[in-house]
Amino acid sequence: MPQHGETDRRSAVDILIASDRVPANARPDLFTTDDVWALLEDVKDPEVPAVSVVELGIVRAVQLAGKELSIDVTPTYSGCPATELIEELIIEALRAAGFRDPKINQVLTPAWTTDWITEEGKEKLRAFGIAPPQGSSSKMSLLGEPEVIGCPHCGSEDTERVSEFGSTACKALYRCKECLEPFDYFKCI
Amino acid sequence: MTQAEALKEYLLRLADSDMILGQRLCELCGKAPALEEEMALMNVALDLVGQARNWYEYAAELIDDDRDADRLAFRRDAHDYRNLLLTEQPNEDYAITMGRQFFFDVWHYFTLKSLAESSDERMAGIAAKALKEATYHLRRSSEWVKRLGDGTEESHRRMQNAVDILWRFTGELITPDDTDRVLAEAGLGPDPDQLAEDWRGMVSEVLTQATLTLGADDAWMYMGGKHGEHTEHLGFILAEMQFLQRAYPDATTW
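Since the structure is predicted, the reported quantities are computational estimates derived from the model, not experimental observations. (Residues numbered from 1 in each chain as written. Chains lettered and ligands numbered in written order. Predicted model: local features only at pLDDT ≥ 70, side-chain atom pairs only at ≥ 80, totals over all residues.)

## A short note on the overall build of chain A
Counting its regular elements, chain A contains 4 helices and 7 strands. Mapped from its N terminus to its C terminus, chain A presents α and β elements in the order α-α-β-β-α-β-α-β-β-β-β. When burial is assessed residue by residue, chain A has 32% of its 189 residues classed as buried. For chain A, long-range pairs separated by at least 24 residues make up 55% of all intrachain contacts whose partners lie at least 6 apart in sequence. (Helix = DSSP H or I, 4+ residues; strand = E, 2+ residues; numbered from the N terminus. Buried ≥ 20, exposed ≤ 12 C-beta atoms within 10 Å, placed from the backbone. Contact = placed C-beta atoms within 7 Å.)

What follows is the structure, encoded as structure tokens:
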């Protein structure tokens, strides 16, 4: 019988090793492009672990030719500090699936927009307590009044903006005047 | 001046202005007047440093002398820096911090808007991305100028003081030189006359709403940042910002 806690420790080590080494039974040659997309659905945004990099719309393309795999990734913001970590997480997931040398291409054009967040992704953001971006980025006014943002907790539209910038570059800080809870709003860009 | 020379020079101006203003804002980390303001300032700084990196990377490829983005940012001295003088001015009080940001943001917004249409695709791509961020910066800084200008007697006095102090550095934003003209003629950079008109228009609109008085049209303007002639402040910024890279050049592990 393992001592208390030992099982957990061993599994953590196994996971670490697994991420670093190609498993013996991996057959990346059997993967289709769709399989790679499915694999990427499991890679979460480290800042917003409720959504995957695919739901967030930052994976732009998957190119698969035999064992050669490259992924086009676009950063959300120019200075987003999570960009490099996200790339590492993607590489790690692909290596664990058996790809020996997956490549990441960072693409800036066209620039990422919150319009690329999937409907499912938006629902997951709301369930996570983050109000999803409202409307389309093309309709945002420069100096006009901000849109009505619904509270992700109680649904009330009686909310106010506390700050144009929140806990990360992609969010703004709001407060619900109905349930009095503060919340993050995923800015529309 | 050839188009290629002008482009390298112009990229350094964009990169250096972003970098120095980003560094200035970072000085307020841990010292901002309120937690929300601190987060906002650091977010803006982060955007600017990220944009600087994109411009530096492009500049480094064109300059092509083995210097990378880090080396351009951290191993050039003040006379090689091409940032706008406005960006290196000290934070002082919050009215000056936000006034500086506002004058810069208006210039940045219209410049990026034009660059997003540049015939140089790489430039257009970086600018289109940066423009989304700069739009938020401008919304925020213009709101602060209005709030402080049209606020209490004290906040109005301070905001007017900020406009009066910073005005002398704004001429450089909208006064073109050969580099600007060469790029504009080639369809790569903004049209100087249009940029000046847009900048004056929006600054005048916001300052009027904020019950503030603009500086004089014929006021003496300090220029030279775009050619490496800086105010005394830049040396101190670089001394702090570049310390590590100067003390341990080419270190691979921090």
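Don't stop here, the text continues.
## Looking at the packing of helix H5 (residues 94–115) of chain B against helix H6 (residues 121–149) of chain B
Any two packed helices are characterised by the angle at which their axes cross and by the distance between the axes. All names here are of chain B. Remark: H5 packs on H6, axes separated minimally by 7 Å, with the N-to-C direction vectors making an angle of 145 degrees. The handedness of the crossing between H5 and H6 is left-handed. Broken down by class, the residue content of the contact of H5 with H6 amounts to 17 nonpolar, 7 polar and 2 charged. (Axes fitted to C-alpha atoms, helices over the stretch in contact; angles between N-to-C directions. Left-handed = near helix turned anticlockwise from the far one by under 90°. Nonpolar A, V, L, I, M, F, W, Y, C, P; charged D, E, K, R; others polar.)

## Some details on the domain arrangement of chain A
Residue and element names in this part refer to chain A. As assigned here, chain A comprises domain 1 (26–106) and domain 2 (117–186). One C-alpha centre belongs to domain 1, the other to domain 2; they are set 27 Å apart. At the junction of the two partners, domain 1 supplies 11 residues and domain 2 supplies 12 residues. A per-class count over the side of domain 1 that touches domain 2 returns 6 nonpolar, 3 polar and 2 charged. (Domains from an automatic or database assignment.)

## Section: the nonpolar core
Within the largest apolar cluster, 106 residues are counted, with the highest numbers of intra-cluster contacts made by Leu11, Ala15, Trp55, Ala59 and Val106 of chain B. Among the elements that line this core, the one with the most residues is helix H2 (residues 35–63) of chain B, at 14 residues. There are two domains that each give this core at least three residues, and those are domain 1 (26–106) and domain 2 (117–186) of chain A. (Core = buried A, V, L, I, M, F, W, Y, C linked by C-beta atoms within 7 Å.)

## A few points about the sheet that holds strand E3 (residues 103–106) of chain A
Residues and elements named next belong to chain A. Here 3 strands make up an open sheet; going across it, the order is E1-E2-E3 and the pairing mixed. With partners counted over all chains shown, the strands left at the sheet margins are strand E1 (59–65) and E3, one partner each. Strand-to-strand twist in this sheet, taken as the mean axis angle between neighbours without regard to direction, amounts to 20 degrees. Across 4 bridges, the pairing between strand E2 (residues 68–73) and E3 is parallel. Residue valine 73 lies in a different strand from E3, and its bridge partner there is glutamine 106. Of the strands in this sheet, E1 and E2 touch helix H2 (residues 33–40), which is tilted by about 135 degrees from E1. Against the sheet, helix H3 (residues 83–96) contacts E2 and E3, and its axis sits at roughly 155 degrees relative to E2. (Pairing = 2+ DSSP bridges.)

## Examining the packing of H5 of chain B against helix H10 (residues 192–209) of chain B
All names here are of chain B. Close contact between H5 and H10 brings their axes to 10 Å; oriented N to C, the two are set at 140 degrees. Classified by the interaxial angle, the pair formed by H5 and H10 is oblique. You can see that H5 and H10 cross each other, and the crossing is right-handed. Of the residues in H10, those touching H5 at Phe103, Val106, Trp107, Phe110, Thr111 and Ser114 are Leu195, Asp198, Trp199, Met202 and Val203. Of the residues contributing to the contact of H5 with H10, the split by class is 8 nonpolar, 2 polar and 1 charged. (Parallel < 35°, antiparallel > 145°, perpendicular 65-115°, else oblique.)

## Quick look at the pairing of E1 of chain A
Examined bridge by bridge, E1 of chain A and E2 of chain A share 6 bridges and lie antiparallel to one another. Paired with alanine 65 of chain A across the strands is glutamate 68 of chain A, a residue of E2 of chain A.

## So, the environment of arginine 246 of chain B
You can see arginine 246 of chain B is positioned in helix H12 (residues 243–247). Expressed as a C-alpha distance, the spacing of arginine 246 of chain B and isoleucine 96 of chain B, which sit 150 residues apart in the sequence, is 31 Å.

## Describing the sheet that holds strand E7 (residues 182–186) of chain A
Taken together, the 4 strands give an open sheet; going across it, the order is E4-E7-E6-E5 (chain A), and neighbouring strands pair in mixed fashion. If you trace the sheet from one side to the other, it starts and ends with strand E4 (130–131) and strand E5 (159–163) of chain A, each paired once.

## Topic: unusual backbone geometry
With omega at -10 degrees, the peptide bond leading from threonine 109 of chain A into proline 110 of chain A counts as cis. Along the chain, proline 110 of chain A turns up in the loop between E3 and helix H4 (119–128). For leucine 180 of chain A, which is not glycine, the phi dihedral falls at a positive 70 degrees. Its identity as a non-glycine residue notwithstanding, glutamate 92 of chain B has a phi of 50 degrees, on the positive side. Positionally, glutamate 92 of chain B belongs in the loop between helix H4 (85–88) and H5. Owing to 15 C-beta atoms within 10 Å, glutamate 92 of chain B belongs among the partly exposed residues under this scheme.

## Notes on helix H7 (residues 153–166) of chain B
Residues and elements named next belong to chain B. An ideal rise of 1.5 Å per residue puts 20 Å on 14 residues; H7 measures up with 20 Å between its terminal C-alpha atoms. All of the buried residues along H7 are Arg158, Met159, Ala162, Val163 and Leu166. The buried residues of H7 occupy an angular sector of 140 degrees when projected down its axis, which confines them to one face. Exposed residues on H7 whose side chains face more than 90 degrees from its buried face are Glu153 and Glu154. Packing partners of the buried residues in H7 comprise H4, H5, H6 and H10. (Expected span 1.5 Å × (residues − 1). Arc of directions from axis to C-beta.)

## Digging into the environment of glutamate 57 of chain B
Residue and element names in this part refer to chain B. Mapping glutamate 57 onto the fold places it in helix H2. Glutamate 57 sits in the partly exposed class, given 17 other C-beta atoms within 10 Å. Along the primary structure glutamate 57 and leucine 72 are separated by 15 residues, whereas in three dimensions their C-alpha atoms are 9.0 Å apart.

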